[in-house]
Amino acid sequence: MKQYNVGVIGATGMVGQRFITLLENHPWFNLVALAASARSAGKTYEEAVGSRWLMTTPMPESVKKMVVLDAANVEEVASKVDFVFCAVNMKKEEIKALEEAYAKAECPVVSNNSAHRFTPDVPMVVPEINADHIEIIPAQRKRLGTKRGFVAVKSNCSLQSYVPALHPLRKYGISDVLVCTYQAISGAGKTFETFPDILDNVIPYIGGEEEKSEQEPLKLWGHIEGDKIVSADAPRFTAQCLRVPVSDGHMGAVFVRFENKPTKEEVLQAWKEFHGPAQDLHLPSAPKQFLHYFEENDRPQPKLDRMLENGMAVSIGRLREDNQYDYKFVCLSHNTLRGAAGGAVLLAELLAAKGYFD
């Protein structure tokens, strides 16, 4: 595979830091540019981050002396790279404008942000589920007036736990889904040191999260029609999202109703056999087995299972029949790996394998 020079915009934040750790020894992507806000620009990365390095592994030596660029200087950053990852903390309209500015500078953007998730010609992709949505990119390029530039995004981090488990069951006609998510504090860019309010506590509200949990799966399961992606109109989703005192790992308690109820054995077999383009293309970050089912009653658990297959697999457990829905089960994924930076790197690998950065 060809080597690509890449940059990270929003490099000083938690997800930006996670991107840096994932790119340290990446076989296809060579990290050459770090960009952040004007207050970090001109400093070395080590100086800009200071005591705010939040990863459990040390800051890579290769980035410590890199001088941070101003993300607003689009032409300067774009001139150094083949594409960028974006994980900035700004208002939604500002993010939209910034990402489109990079795309118009002929610099593709693989975004962790939510701003463009419902832009009709921007693919929102989980590579195992809807890799074909990247085929909308030529239509987006036509709208933007670009030859190379485009924006592609990954979905919300909490979806990554339960939508992959539902996906191989769609052949049985999913009609209704109820999900309660129990979301780690790193999803808010927090640690226990910076978020003392969460200790001995659960917060039953995460702004905008329930709407995303109900609407984004339908875009993932939608289809390309002309120059836009049309969301699916079923199943019906309802969600509640809670912030819990866990460092990493989002859980979903899922209740599902089918038009043609499968047997428990059929559900387990569908999970065991499931694979997608990420596995078929042998993408470097792809888990070999995407969905793992645990027979134990007390699994999966974030502390034990979030790092399964380098944090890129989904864990499932407690499948049983329900007296109101057909089945209920519990899911887990690592929210800053599969759910955020890792999912974006996997999407970039898909785009590279399909020639969209060339």
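Values in this document were obtained by computation on a predicted structure and should not be read as measured data.

Draft legend 1. Broad picture of the packing of helix H8 (residues 159-166) against helix H9 (residues 209-220). Orientation of H8 relative to H9, taken along the N-to-C sense of each, is 45°, at an axis distance of 11 Å. As judged from the angle between their axes, H8 and H9 are oblique. Handedness of the crossing formed by H8 with H9: right-handed. On H9, the residues touching Leu159, Tyr162 and Val163 of H8 are Lys212, Ser213, Glu216, Pro217 and Leu220. The residue inventory of the contact of H8 with H9, partitioned by class, reads five nonpolar, one polar and two charged.

Draft legend 2. The arrangement of the pattern of salt bridges in detail. Applying the stated rule across the entire model yields 12 salt bridges. For the salt bridge of aspartate 358 with lysine 2, the shortest nitrogen-to-oxygen distance reads 3.5 Å. Here aspartate 358 is found in the segment after helix H14 (337-353), whereas its partner lysine 2 is found in the segment before strand S1 (4-9), with 356 residues between them in sequence. Two residues, arginine 143 and glutamate 100, come together in a salt bridge whose shortest N-O distance is 3.2 Å. Here the residue arginine 143 occupies a position in helix H7 (residues 137-144), and glutamate 100 occupies one in helix H5 (residues 92-104), the gap between them amounting to 43 residues. Three or more residues joined by partner-sharing salt bridges are found here, namely Glu100, Asp121 and Arg143.

Draft legend 3. Representation of the sheet that holds strand S12 (residues 291-294) within the structure. Here six strands make up an open sheet; going across it, the order is S10-S7-S11-S14-S13-S12 and the pairing mixed. Both outer strands of the open sheet, strand S10 (236-243) and S12, are each paired with one neighbouring strand and no more. Sheet twist, expressed as the average angle between the axes of neighbouring strands with direction ignored, equals 20°. Bridging between strand S7 (residues 174-183) and S10 involves eight bridges; their strand directions are parallel. Each bridged residue has a counterpart across the sheet, and for cysteine 180 the counterpart in S10 is glutamine 240. Together, S7, S10, strand S11 (250-258), S12, strand S13 (314-321) and strand S14 (327-333) form the strand contacts of H8, whose direction differs from that of S14 by roughly 135°.

Criteria and thresholds
Residues numbered from 1 in each chain as written. Predicted model: local features only at pLDDT ≥ 70, side-chain atom pairs only at ≥ 80, totals over all residues. Heavy atoms only, no water. Axes fitted to C-alpha atoms, helices over the stretch in contact; angles between N-to-C directions. Helix = DSSP H or I, 4+ residues; strand = E, 2+ residues; numbered from the N terminus. Parallel < 35°, antiparallel > 145°, perpendicular 65-115°, else oblique. Left-handed = near helix turned anticlockwise from the far one by under 90°. Contact = heavy atoms within 4.5 Å. Nonpolar A, V, L, I, M, F, W, Y, C, P; charged D, E, K, R; others polar. Salt bridge = Lys/Arg side-chain N within 4 Å of Asp/Glu carboxyl O. Pairing = 2+ DSSP bridges.

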